[in-house]
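# Breakdown of the fold
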Amino acid sequence: AIPGPERVEREEGHLLDMQRAGSLHEFLVGLHDMYGGVAKFQWGQVEVVSVAAGEGRWEPLARLFDRPEMLFASFLPLIGEHSIQYANGPEGRQRRREIVDPAFSGRVCQELYHQVVEATENVVEHLRSVEGDVVEIGPVLIRAAIRVISCTSLGGVSEAEIELVEAAYETCWHEMERRMVGGDLPGLDRQRKFEESLGVLHGVALAKKREWELAGAHGGSSLIGRLAQTSSDAVVKDDIVSFLVGGFHTTGNLLQWAFYYLLTNSSCLQRLRDELDRVLGPWDASGAPLIPTYDQVLVLLRGYVGQVIAESLRLSVLAPFAARVSTEKAIRIPASKERGTAAGKTATQGMEGHSSAKDGVFVIPAGTPIVLPLGEALQNASLFPEPDKFLPERHSPDGRKQRSPLTFAPFGFAGRRVCPGKRFAEQEAAVILSVLFRGFSWELVDTPDVMKRAYGLVTSPATPIKARVHVMES
């Protein structure tokens, strides 16, 4: 009874329709516009159900832990089959509970905060050295994110190791985007470069694991320290690369989007600077500190800085979708009160019209992959009025009361599968944004007034963000 496009016999299913739409996110938005809150489509020859937010549809899914491996199979060449990303059932829950989640606890975030400060000091030093120049901010922020996640996940790395990891990772990431976004399969030379670069990342991870073993270390705050005690080499390699992916481009792109939105919304920027002055003291190069303390970061995240970060995650659609699967029992989803426009003559002409839900409920059989279109929810005007506007105050305590907590899920869907580094990423973003707008002033140069999104593995600005930087002495 679940509506959706007509079944096709071609091997790739509706993957070609996704390519024509521009991305999976854009395909899902069109799918729900046409068929309502619950709709099916084909991933290859497998039927997948997409469940949009609203009307209580996500509540029955909130406790699901397992992810459908087939929807993430394209990531396998980079993050590997032993990654926590593919760990389901009791094993996955145990790894999250005993290794991964403790590595990003509040206590550990505080212990590792000095490494965030050191990376931020590198950003300050670089920006002061190019005072008056036009800077492309993306590479600056990506490099800061690389430095932070390398130091925190690997338990401290040298400058040479950071440069090695950065170069190898960029090669791997660029290759994966060519394959996944453009469908551009590699030749022998590209495949060789990819494997060599991935080998570098694996080599650094295993070298750090050996350091822990030789030192006879027990415990340890870093992710590698916890993995070294309990995990095989295969798990260490794949988990470290998985967290490098999350720490590099996810945080780096979040910072780019926040930087852009603040510079194109002057009242929001002034309010952010006012809050920084209130929490840290009025900025004076010879007096008040430029970089907040750990306790001050927590205050900033509870206030307007936290709202800016949340709104940047929403408006950029940084992570467009999540997925779950119920392996043991069927899931019952309330049928949408509103119907889509399947009868209309649109780009998806030729698809079936709506089918009726039995007793006002759609039943998703056990084992069916379920997609949660997070991006569709973040851009839904019924959930976020004026969705194309940058309005940080919608994430104030009063603003959050106006919606279900499940509808704002930029770090992955609810439950124990939410990104374990969520807290750490928010703290890192708060520190770097504080420095960017407390110690420097900016003028956008050759940057569009309305930035288009490039939907890839992570949503990035479609055009490089360039700005002239000036040091602020007071």
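Residues numbered from 1 in each chain as written. Predicted model: local features only at pLDDT ≥ 70, side-chain atom pairs only at ≥ 80, totals over all residues. Heavy atoms only, no water.

### Some points on the pairing of strand S11 (residues 466-471)
Rule in force here: Being paired, for any two strands, means DSSP has found at least two bridges between them. Working definition: helices are DSSP H or I runs of at least four residues, strands are E runs of at least two. Numbering for both runs from the N terminus.
Looking at chain direction, strand S3 (residues 134-136) and S11 are connected through three bridges and run antiparallel. Its bridge partner being in S11, Glu 136 is matched across the sheet by Lys 466. In terms of strand pairing, strand S8 (residues 440-444) meets S11 through five bridges, oriented antiparallel. Its bridge partner lying in S11, Glu 443 is registered against Arg 468.

### So, the sheet that holds strand S2 (residues 46-51)
Strand pairs in the sheet, formed through backbone hydrogen bonds, run parallel or antiparallel to each other. Going by this rule: Angles here are taken between N-to-C directions and fall from 0 to 180 degrees, while the axes themselves are lines fitted to C-alpha atoms, restricted in helices to the stretch in contact. Residues count as neighbours in contact if any of their non-hydrogen atoms are within 4.5 Å of one another.
Strand order in this open sheet of four strands is S1-S2-S7-S4, and the pairing throughout is mixed. What marks the edges here is a single partner per strand, and that holds for strand S1 (38-43) and strand S4 (322-324). Adjacent strand axes in the sheet meet at a mean angle of 30 degrees when their direction is disregarded. In this structure, S2 lies alongside strand S7 (residues 370-372), joined through two bridges in parallel fashion. Within S7, the residue paired with Val 49 across the bridge is Ile 370. Each of S1, S2 and S7 touches helix H2 (residues 24-35); the most contacted strand, S1, lies at about 135 degrees to it.

### What to know about a negative patch on the surface
What counts here: Patch membership requires more than 30% relative accessible area and the absence of a salt bridge. Residues of like charge join within 9 Å; the nonpolar side chains Val, Leu, Ile, Met, Phe, Trp and Tyr join within 5 Å. A 1.4 Å probe and the Shrake-Rupley method give the accessible areas. Residues count as covered only by the protein chains that appear here. Here, a salt bridge means any side-chain nitrogen of Lys or Arg that lies within 4 Å of a carboxyl oxygen of Asp or Glu. Positive charges come from Lys and Arg alone, negative charges from Asp and Glu alone, with His and the N- and C-terminal ends not counted. Positions of charges follow a simple convention, taking NZ of Lys, CZ of Arg, CG of Asp or CD of Glu.
A surface patch of like charges, here negative, comprises Glu 131, Asp 133, Asp 284 and Glu 473. With respect to the helices and strands, Asp 284 occurs in the loop between helix H12 (266-280) and helix H13 (294-302).

### Some points on the sheet that holds S11
Taken together, three strands build an open sheet; the order of strands is S3-S11-S8 and the sheet is antiparallel. In this open sheet, the two strands that pair with only one neighbour each are S3 and S8. Averaged over all pairs of adjacent strands, the angle between strand axes in this sheet comes to 40 degrees, irrespective of strand direction. Helix-sheet contacts for helix H6 (residues 113-129) involve S8 and S11, and the interaxial angle to S8 is about 60 degrees.

### Some thoughts on the packing of aromatic side chains
Short version of the rule: Aromatic pairing here means that ring centres of Phe, Tyr or Trp (its six-membered ring) are within 6.5 Å. Orientation follows from the plane angle: under 30 degrees is stacked, over 60 is edge-to-face, and everything else is tilted. Accessible area is worked out with a 1.4 Å probe on protein chains only. A residue is then buried under 20% of its type maximum, exposed over 50%, and partly exposed in between.
Going through the model one piece at a time under the given rule, you end up with 16 aromatic pairs. The interplanar angle of 80 degrees and the centroid separation of 5.2 Å between the aromatic rings of Trp 58 and Phe 413 together place this pair among those described as edge-to-face. With Trp 58 in the loop between S2 and helix H3 (76-79) and Phe 413 in the loop between helix H16 (397-400) and helix H17 (422-438), this pair connects stretches of sequence that are 355 residues apart. Judged by relative accessible area, Trp 58 falls into the buried class, the value being 2%. Residue classification places Phe 413 among the buried positions, given a relative accessible area of 0%. Measuring from centroid to centroid gives 4.9 Å for Phe 259 and Trp 442, while their planes differ by 85 degrees, and the two rings are edge-to-face.

### With respect to the nonpolar core
A general feature of soluble globular proteins is that nonpolar side chains tend to end up buried together. Applied cut-off: Among the buried residues, those of types Ala, Val, Leu, Ile, Met, Phe, Trp, Tyr and Cys that are joined through side-chain atoms within 4.5 Å form a nonpolar core.
Judged by nonpolar contacts, the single largest core of 119 residues is most densely connected at Leu 436, Phe 437 and Trp 442. Apart from residues lying up to four places away in sequence, Phe 437 is in contact with Phe 259, Leu 262, Leu 263, Leu 269, Leu 272, Arg 273, Trp 442 and Met 472.

### Some points on the pattern of salt bridges
If you walk through the whole model with that rule in mind, you get 28 salt bridges. Its salt-bridge partner being Glu 159, residue Arg 147 comes within 2.9 Å of it at the nearest N-O pair. You can see Arg 147 sitting in helix H7 (residues 137-154) and its partner Glu 159 sitting in helix H8 (residues 159-180), a full twelve residues away along the chain. Notably, a salt bridge pairs Glu 426 with Lys 422, separated by 3.3 Å at the nearest N-O pair. With a gap of four residues between them, Glu 426 and Lys 422 both fall in helix H17, about one helical turn apart. Via salt bridges that share partners, Arg 10, Glu 12, Asp 17 and Arg 20 belong to a single interconnected network.

### Considerations on the environment of Val 317
Relative to the helices and strands, Val 317 is located in the loop between helix H14 (304-316) and S4. Its relative accessible area of 0% is what places Val 317 among the buried residues. Taking C-alpha positions, Val 317 is 9.5 Å from Ala 377, a pair spaced 60 residues apart along the chain.

### Observations concerning unusual backbone geometry
Notably, Val 317 is not glycine yet its phi reads approximately 50 degrees, a positive angle. Even without being glycine, Glu 386 reaches a positive phi, approximately 50 degrees. For Glu 386, the position within the fold is in the loop between helix H15 (374-378) and H16. Taking relative accessible area as the criterion, Glu 386 reaches 44% and is therefore assigned partly exposed.

### Some words on the side chain of Glu 311
Just so we agree on the cut-off: Polar contacts, as counted here, are pairs of nitrogen or oxygen atoms within 3.5 Å of one another; within protein the pair requires one atom able to donate a hydrogen and one able to accept it, and residues that are adjacent in sequence qualify only if both atoms are side-chain atoms.
Looking at where Glu 311 falls in the secondary structure, it is placed in helix H14. Note on Glu 311: relative accessible area 0%, which makes it buried. Within the local environment of Glu 311, its side chain forms a polar contact with the side chain of His 395, the two groups lying 2.7 Å apart. Sequence-distant contacts of Glu 311, defined by excluding residues within four places in its chain, comprise Lys 389, Phe 390, Leu 391, Pro 392, Arg 394 and His 395.

### Topic: the confidence of the model for the protein
Short version of the rule: The score called pLDDT rates the predictor's confidence residue by residue, from a low of 0 to a high of 100.
Of all residues in the protein, 92% have pLDDT values of 70 or greater, and the mean over the chain is 89. Low confidence marks residues 343-356, where pLDDT is under 50. Its contacts with residues over four positions away, or in another chain, come to 24 contacts.

### Some points on helix H9 (residues 188-214)
One turn of the α-helix equals 3.6 residues, which is why residues spaced by three or four share an orientation. Inclusion rule: A helix is expected to span 1.5 Å for every residue after the first.
For H9, with 27 residues, the first-to-last C-alpha span of 38 Å sits near the 39 Å given by 1.5 Å per residue. Looking at H9, one finds that the buried residues are Arg 190, Phe 194, Ser 197, Leu 198, Leu 201, His 202, Val 204, Ala 205, Leu 206, Lys 208 and Lys 209. Summarising the contacts, the buried residues of H9 are in contact with H3, H7, H8, helix H10 (223-230) and helix H11 (233-263).

### Points about H2
Between its terminal C-alpha atoms H2 stretches 16 Å, which fits the 16 Å expected from twelve residues at 1.5 Å a residue. Structurally, H2 contributes buried residues whose contacts are with helix H1 (15-21), S1, S2, S7 and H15. Looking one or two residues past H2, Gly 36 carries a phi angle of roughly 90 degrees, positive in sign.

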